[in-house]
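Descriptive structure summary
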Amino acid sequence: MKVNRGKKAFKLGEIRQAAVFNEPVGPDHEFYTDFAGLREDFEEKVVYRDLNVTYSHDKYFFNPLLDSQNKVLFYFGGAPGSGKTSELKKYLNNLDHSACFYCIICPIDTELSLNDVEYMDILIFQLEQLLARLERDQIDGIDDRVIQRMEGWFQERERELKKSLHLEAEMTMGTKVDTGGIFAKLLSIFGEFKAGIKGSREWMVATRQTFKNRFSDFAQIFNDFIEEVNQAIRKQGKGQEVLFLVDGLEKSFSKEIRHKIIFDEEDRIRAIKAFTIFTLPPELMMYRQKLMQYSTFRSFPFVKLYHQKDRSKVLAAFTRFREFIYKRIDRSLFENEDLVDQFIHYSGGSPRELLRLLDMAYTYTDDVKGKYDLASLERTVKYLAAQNGNYLTKAQIAKLQELKTNNDQGLETDFDEVMEDLLEQVIVMEYNDGSYKRVHPIVESSKIYQERVH
């Protein structure tokens, strides 16, 4: 029988589709749970203030007369599984309307090459996503000369490429018959550009270098186009200013590529004058002081389940996580609520980790009982603890020992490459503003941790 993904589970066999852990949901989904107010130093309202957004009469507002010259570049950092994408979906829900922003979601992990990407690729994708929405919303009133300048710029780059690569074939970029609206030709150009990047290595390298050499010209064209769009969407009551939400940089690309995009391309990123939120890979959060010299940075931590001083439960956090579970899985499928709280405990305050636990524990459930029991959870924890603990290096174990000692004494632990790896692998979890770290509860339960650290 085909199961509808995203429906609450009332039977054991329906759990797997309800506990999908790699598909973030937003406020418009029945599974969505808002963890606002439970991330200690992080407050949602601070993000809105950073974006120059005000709140009045249950609605968010952006005033372009006051803030349009101050384009905010915003880095939103947090560990994998902390819920950044769901948080961005909430901002989209709150800010995307006529009195505020015209939000353009850019999930680069699903659209661009996973192993080879540069900032220019991302920027073209941003434009492509913007054009696609403008076409859907039938936005008009944009100066034809601005669009023609952009078309001309790309066509000129192709002529340079053909010449540098000694290609005699007819130009193809942007020469197709225009059968769509005013944005169709540009969308066609961008589609062909992306296809070229994914094709010949020689073409890809030459294209990127050509674009870099002429980037200052392109940045001006891009910025002029954004200003034209801003005026058009205001006139048609679609928003006050374009806001790009660029998500997914940390999900698939190598550390080297991520570092290159954020730092080697810093001058190009700064040249683009558009409100933009980038989710930041966890290993780059150590450079927050450098980033804050030209941008806004906010750290998005896990939900803290226990108070630091006495290790007592944060009751509001457990209550919210029970809500999170019961929206997906009926409480009748759990032996008791103490078991639910143990699932929450072993998640460490990560929504994704909790769903992963529930998904795996399902495989150990008893068909006769037809529900989660303590045995299914214990077998899951034992398996995951072995998977994580068996591959800890000597350097990592030493760092975990240091972390435990410092936490026992109320001290912070120095950040280094070993800690960077532990955070990226979610062996160590970060709370507050990053000042408090603790070992993932499942790793704490592993044999090697108990023998060497505990």
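Residues numbered from 1 in each chain as written. Predicted model: local features only at pLDDT ≥ 70, side-chain atom pairs only at ≥ 80, totals over all residues. Heavy atoms only, no water.

When helices and strands are tallied, the protein shows 22 helices and 9 strands. Residues counted as buried form 53% of the 454 residues belonging to the protein. Considering only contacts in the protein between residues 6 or more positions apart, those separated by 24 or more positions represent 72%. Summed over its atoms, the accessible surface of the protein is roughly 21500 Å², and 46% of this surface lies on carbon and sulfur atoms. (Helix = DSSP H or I, 4+ residues; strand = E, 2+ residues; numbered from the N terminus. Buried < 20%, exposed > 50% of the residue type's maximum accessible area, 1.4 Å probe, protein only. Contact = heavy atoms within 4.5 Å. Areas by Shrake-Rupley, 256 points an atom, 1.4 Å probe, with all protein chains shown as cover.)

It is worth spelling out the pattern of salt bridges at this point. A full pass over the atoms with the stated rule returns 37 salt bridges. Glutamate 265 is the partner of arginine 268 in a salt bridge, and the nearest nitrogen-oxygen pair spans 2.7 Å. For glutamate 265, a relative accessible area of 4% translates into the label buried. A single salt-bridge network, built from bridges that share partners, covers Lys255, Arg258, Glu420, Asp421 and Glu424. (Salt bridge = Lys/Arg side-chain N within 4 Å of Asp/Glu carboxyl O.)

Here the focus is a negative patch on the surface. Residues Glu40, Asp41, Glu43, Glu412 and Asp433 make up a contiguous surface patch of negative charge. Within the secondary structure layout, aspartate 41 lies in the loop between α1 (15-18) and α2 (44-50). Under the relative-accessibility criterion, aspartate 41 is labelled partly exposed at 48%. (Patch = residues over 30% accessible without salt bridge, like charges linked within 9 Å, V, L, I, M, F, W, Y side chains within 5 Å. Lys, Arg positive; Asp, Glu negative; His and termini not counted. Charge placed at Lys NZ, Arg CZ, Asp CG, Glu CD.)

Okay, the nonpolar core next. In terms of nonpolar packing, the biggest core is built from 59 residues, with Tyr75, Leu130, Leu134, Phe218, Phe225 and Phe244 touching the most fellow members. In contact with tyrosine 75, not counting residues within four places along its chain, are Ile262, Ile269, Phe278, Leu280, Leu291, Tyr294, Ser295, Thr296, Phe297 and Arg298. Grouped together as the second largest cluster of nonpolar side chains are 39 residues, Val303, Leu305, Ile344 and Leu357 included. (Core = buried A, V, L, I, M, F, W, Y, C linked by side-chain atoms within 4.5 Å.)

Let us look at helix α6 (residues 119-136). When the terminal C-alpha atoms of α6 are compared, their 26 Å separation across 18 residues agrees well with the 26 Å that a helix rising 1.5 Å per residue should span. In terms of burial, α6 is largely enclosed, as 14 of its 18 residues are buried. Glutamine 138 lies just past α6 and shows a positive phi near 55°. (Expected span 1.5 Å × (residues − 1).)

Among the structural elements, serine 376 can be located in helix α18 (residues 374-389). Assessed through its relative accessible area of 0%, serine 376 is described here as buried. Among the polar contacts listed, one links the side chain of serine 376 to the backbone oxygen of aspartate 373, at a separation of 2.7 Å. Serine 376 has contacts with Ala361, Tyr364 and Thr365, leaving out every residue within four places of it along the chain. (Polar contact = N/O pair within 3.5 Å; in protein donor to acceptor, adjacent residues only side chain to side chain.)

With that settled, the discussion passes to the sheet that holds strand β4 (residues 101-107). A sheet is described by the order of its strands in space; here 5 strands give the open sequence β4-β5-β6-β3-β7, paired in parallel fashion. Edge positions in the open sheet fall to β4 and β7 (296-299), since each of these has one partner strand only. On average, each strand axis in the sheet is inclined to that of its neighbour by 20°, with strand direction left out of account. In the sheet, β4 pairs with strand β5 (residues 241-247) via 7 bridges, with the strands oriented parallel. (Pairing = 2+ DSSP bridges. Axes fitted to C-alpha atoms, helices over the stretch in contact; angles between N-to-C directions.)

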